[in-house]
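Architecture at a glance
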Amino acid sequence: MAELMIDARDVTCSFTISRGMFRGKQQLKAVNGVDLTVERGEVLALVGESGCGKTTLAKMLLGLLPQTSGTVELCGQPINDVPRLELARTIQPIFQDPYSSLNPRKTIGSIIALPMKVQGIADQDSMRRRAEETMDMVGLPPRLYNAFPNQLSGGQRQRVAIARALVNRPQIVVCDEPTSALDVSVQSQILNLLNDLRDELNLTYIIISHNLAVVEHIATRVAVMYLGRIVEIADTDTLFKDPQHPYTRALLDSVLTPDPNMDIPNNQLGASYPNPIDPPTGCSFHPRCVNAMPRCATVAPNGKADGGHYVECHLYDDGAN
Amino acid sequence: MSNRVLDVENLTVDIPLATGILHAVDGVNLHVDRGETLCIVGESGCGKSLTSLALMDLLPTKAVRKIEKLELSGTSILGYSEREMSDVRGNKMGMIFQEPMTSLNPAFTIGNQMIETLLRHRNLSNDAARDLAKLMLEKVGITAAEQRLGQYPHQLSGGLRQRVMIAMTLLCEPELIIADEPTTALDVTIQAQILLLLKELQNEFDMGLVLITHDLGVVARIATRVAVMYAGQIVEEGTAKQIFENPLHPYTRGLMRCIPVPGKTKRGAPLGSIPGMVPSLIGDFTGCRFADRCELTSDICRQSDVSLRDPNVKAQAYRCIHGIEMLAKGEVA
Amino acid sequence: MSEIDSEVLESQTKSSAFRRRILGHQGVMIGAAIVLAAVLIALSAPFIAPHDPYYQDLLNRLVPPVWDSRGSWEHILGTDHLGRDYLSRLIYGARISLLIGVGAALISGLIGTVLGVAAGYFGGRVDMVVTFMITVRLSMPVVLVALAVVAIVGGSLQVVIMVLGFLLWDRFAVVMRSSTLQIRSMDYVAAAQAVGCSTTRILTTEIMPNVVNNLIVIATLEIAHAIILEAALSFLGLGVQPPLPSWGLMVSEGKDMMLFEPWLITIPGVALFLLVLAINLLGDGARDITAPENRN
């Protein structure tokens, strides 16, 4: 049996929103009771619209945000008990915007060497050697060691960000929209690189993306999030061939493959994404759902797992139609 | 009466910088007919956004526009004063930007802004203007239009704002809409809805549409004709079918290989890429601008400028010295 | 990796472009020239001053400057009501002005930066407390408070520096808070956290280097501010005490004879005006040059 890298149980993260001095405070449940497991070597994609909680979930996995309730286990150990430096050695992020993820005042060399410095590697020579090895691995020429970020193109910057994440050889990498700030021709290079590195270093990826074409290309399993919950999760082939949740179907319908013979799809979703401070009752998707039934407005659906295919929708309740 | 809404010849935009003149847009010709959608596609810095701003005469003050012909429905608007242009912009040409928040005034309600636009450009009573504004909001798929008129832009979601923006653009029934990355800031689900709306409205009002985007998926689904821009020039132009099914220019071909297509590209298989990067456009440049990144480059590519040509007269022009046979072989290589 | 070459080439001109931007900015050049001259004069005062600024020559009182028909080259800018050489007092006065300006800006800069960065980085309660402190500070009239303190404690160079230092930190705090807030939201700060950096390390290596530009701009403006306030306090007799040659004090001492001997107040007045103008030009220019919209 494959090794469990991440085991999240009923994880919730809520923020307190102040609505002005006299209107009191409200809870925003950015992530609301998520169960998620990730095995070694998997590429798990988190997809969903903006505000669905995918970035918040990723931040909790990285230890950057505390969970309000529930537990996250990282390699079998509760994440809150993992010492900071050990956590940093195990799981690392890659951010969306390579223009904001590199400190403009530091050289490429010192950016890549920082994780080693923090881990207490004092030997300058070995640090430099390892930084250069990593640069080579991600396709950066060593002469950029002393360059500053503003001297690099977007693609190169993203390579630096990848090098920084990988220099201490973590086991899990969380990529938050790793290619969406990049041009098409650069995007493909970064995707190829991520794929190669995964094979080479036996990495586990968690990829957050709204680009389903990219997800289909790189992920082995996909989790669809809506309003803080995972509403469907399945391996990539199953999800793309046999999407069950109406939201997943709408999402897949919205993908614009570059085929001039096809029209613009009509995904039949209502215009507005609900306000997460004031989520709909019952199934939170029901106001936009084409298959909504009376029950959906009052009762939240229970999840149903069929093998590895999990879906949260009343359509698949026992005894439904 | 001719169907041509927009006719542009030899548009050039130069930006003087401390280090020299940046030739951001270089000799662009464009034309759009009624009911037609022209997509200008290219990567960041290729000059597609400046092209659209140049058409509206909204370039940053530093930029210098040179243009031989700029006709809107057969009337030249080249020598128009700022005042006349602003009339044209509201009335005959509409513009939709990537971030609607920047073009909506946050201090006024949606209704206020729509009615004001109507009163300025059209001879209407206040009530008639309000009714028309409401009608237009309903037309772009906004429910509870009456209430929305009283809301401020920040109270709306990104998708709704873009709909309001489109409604405002449509108020004066323009002949041409220029949309610069109208869906880039939106979620995929909303993107599909907005594009669908644009296309339906375009048919209904029989407008010309110039859509600027970097997203090939959007282009394939909405375009009638496509112009691919690279380093300030149009490098290939043709119908959507031609561009996507039989791209000729090595850059267009390269782009097509870069994008993963569900069901077509094998999972995890390496995607194509275009090595190298866009040349600096500061100062004079001779030869093909793609020469440094092209696998078919030979010495002649760098010797003289390459013109956009259409050897087979199939309305698919490309900017490359190589013949079609040679380009087809490049695909294999 | 041919994609790198043109980029690196292009960016090698970046530092030279920065130099060009400084040299091309007239305000900065003029400001820098005057400030530099003032600093040099202040530093070399003992060597260039023609006379002892404290030596009273009661026989040669109120000698007008050299351009007046009654003036002489012995006292180029004349002498004051106690017969002290005005040029020498002006030269030594530059020391006092700059000392007070820089001293007060250092103290207020330290206070304001610590408070502002803490508020911007930690947010929440810390931010609330700091914002409250800023509001309280802004509601105190600087000149009145300074007058009161000096009147109680007694005026001296050190007291003036301390009082101004403790009163002028508000702008530092406001600006440092907002720029820290902005930098804190950058992904590289999150990346540093994920890498396991301590808060101290993040503050010193990720935040501070990116807000120090603003700090320099504010510091120059506050130096000018402090110089003006010192002059005002000294003019009111509650700043630097005689016989120290402060420019504000010189104006104050000359004011009784202002109608008959106007140069007594115009000379130190013009000196003050030029120095403050120059420092402000330098500060404004520094902001222009380092402003992001100016980068390309």
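The structure contained in this document is the topic of the report that follows.

What counts, and at which threshold
- Residues numbered from 1 in each chain as written.
- Chains lettered and ligands numbered in written order.
- Predicted model: local features only at pLDDT ≥ 70, side-chain atom pairs only at ≥ 80, totals over all residues.
- Heavy atoms only, no water.
- Helix = DSSP H or I, 4+ residues; strand = E, 2+ residues; numbered from the N terminus.
- Areas by Shrake-Rupley, 256 points an atom, 1.4 Å probe, with all protein chains shown as cover.
- Lys, Arg positive; Asp, Glu negative; His and termini not counted.
- Charge placed at Lys NZ, Arg CZ, Asp CG, Glu CD.
- Polar contact = N/O pair within 3.5 Å; in protein donor to acceptor, adjacent residues only side chain to side chain.
- Contact = heavy atoms within 4.5 Å.
- Buried area = accessible area lost by both parts, 1.4 Å probe.
- Salt bridge = Lys/Arg side-chain N within 4 Å of Asp/Glu carboxyl O.
- Nonpolar A, V, L, I, M, F, W, Y, C, P; charged D, E, K, R; others polar.
- Pairing = 2+ DSSP bridges.
- Buried < 20%, exposed > 50% of the residue type's maximum accessible area, 1.4 Å probe, protein only.
- Expected span 1.5 Å × (residues − 1).
- Axes fitted to C-alpha atoms, helices over the stretch in contact; angles between N-to-C directions.
- Parallel < 35°, antiparallel > 145°, perpendicular 65-115°, else oblique.
- Left-handed = near helix turned anticlockwise from the far one by under 90°.

**Examining the overall build of chain B**
- Counting its regular elements, chain B contains 13 helices and twelve strands.
- Counting only C-alpha atoms, chain B reaches 70 × 50 × 45 Å along its principal axes.
- Summed over all atoms, the accessible surface of chain B reaches about 14000 Å², with 51% contributed by carbon and sulfur.
- Where the 34 positive side-chain charges of chain B centre and where its 39 negative ones centre are 4 Å apart.

**A closer look at the side chain of D7 of chain B**
Residues and elements named next belong to chain B.
- With respect to the helices, strands and loops of the structure, D7 is situated in strand β1 (residues 4-17).
- Separated by 3.3 Å, the side chains of D7 and K69 make a polar contact.
- For D7, the residues in contact, after removing those within four places along its chain, are L30, H31, K69, L70 and E71.

**Quick notes on the interface of chain A and chain C**
- Tallying the contact residues gives 33 residues for chain A and 26 residues for chain C.
- Both sides together, the interface formed by chain A and chain C hides about 2500 Å², and carbon and sulfur atoms give 53% of it.
- When residues of chain A are sorted by the area they lose upon contact with chain C, S100, R105 and Q151 of chain A head the list and together hold 22% of the total.
- Inspection of the region where chain A meets chain C yields one salt bridge.
- For the salt bridge of E206 of chain C with K106 of chain A, the shortest nitrogen-to-oxygen distance reads 2.8 Å.
- Elements with a minimum of two residues in the side of chain A that touches chain C: α2 (84-90), β6 (91-94), α3 (108-118) and α5 (154-166) of chain A.
- Examining the composition of the side of chain A that touches chain C, we find that four residues originate from one element, α3 of chain A, more than from any other.
- Of the residues belonging to the side of chain A that touches chain C, the class tally is 14 nonpolar, twelve polar and seven charged.

**A word on the pairing of strand β12 (residues 309-312) of chain A**
Residue and element names in this part refer to chain A.
- The pairing of strand β10 (residues 229-235) with β12 spans two bridges and is antiparallel. The residue of β12 that forms the bridge with E232 is V311.
- In this sheet, β12 lies alongside strand β11 (residues 303-306) in antiparallel orientation, the contact comprising four bridges. The partner of A305 across the bridge, within β12, is Y310.

**Here's the deal with the environment of V240 of chain C**
All names here are of chain C.
- Checked against the element boundaries, V240 lands in the loop between α10 (199-235) and α11 (247-254).
- With 54 residues separating them along the chain, V240 and M186 place their C-alpha atoms 46 Å apart.
- Each residue touching V240, except ones within four places of it in the same chain, is listed here: I96, I100, L157, V160, E230, S234, S246 and L249.

**Overview of the side chain of T189 of chain B**
- Assignment of secondary structure puts T189 of chain B in helix α8 (residues 188-205).
- When its relative accessible area of 0% is taken as the criterion, T189 of chain B is described as buried.

**Topic: the environment of A129 of chain B**
Residue and element names in this part refer to chain B.
- When you line up the elements, A129 lands in helix α5 (residues 126-139).
- Here the alpha-carbon distance between A129 and G111, two residues 18 residues apart in the chain, equals 9.6 Å.
- Those residues in contact with A129 that lie beyond four places of it in its chain are I115, L118, L119 and L124.

**Focus: helix α6 (residues 184-201) of chain A**
All names here are of chain A.
- Between its first and last C-alpha atoms α6 spans 26 Å; for 18 residues at 1.5 Å apiece the expected length is 26 Å, and the two agree.
- Across the 18 residues that make up α6, a large majority, 14, are buried.
- The first or second residue beyond α6 is N202, which carries a positive phi of 55°.

**Notes on the packing of α3 of chain A against α5 of chain A**
Residue and element names in this part refer to chain A.
- Packing of α3 against α5 brings their axes to within 7 Å, and their N-to-C directions diverge by 30°. On the basis of the axis angle, α3 is roughly parallel to α5. As α3 runs across α5, the sense of the crossing is right-handed. Packed against α3, whose contacting residues are I108, I111, I112 and P115, the element α5 presents V160, A163 and R164 at the interface.

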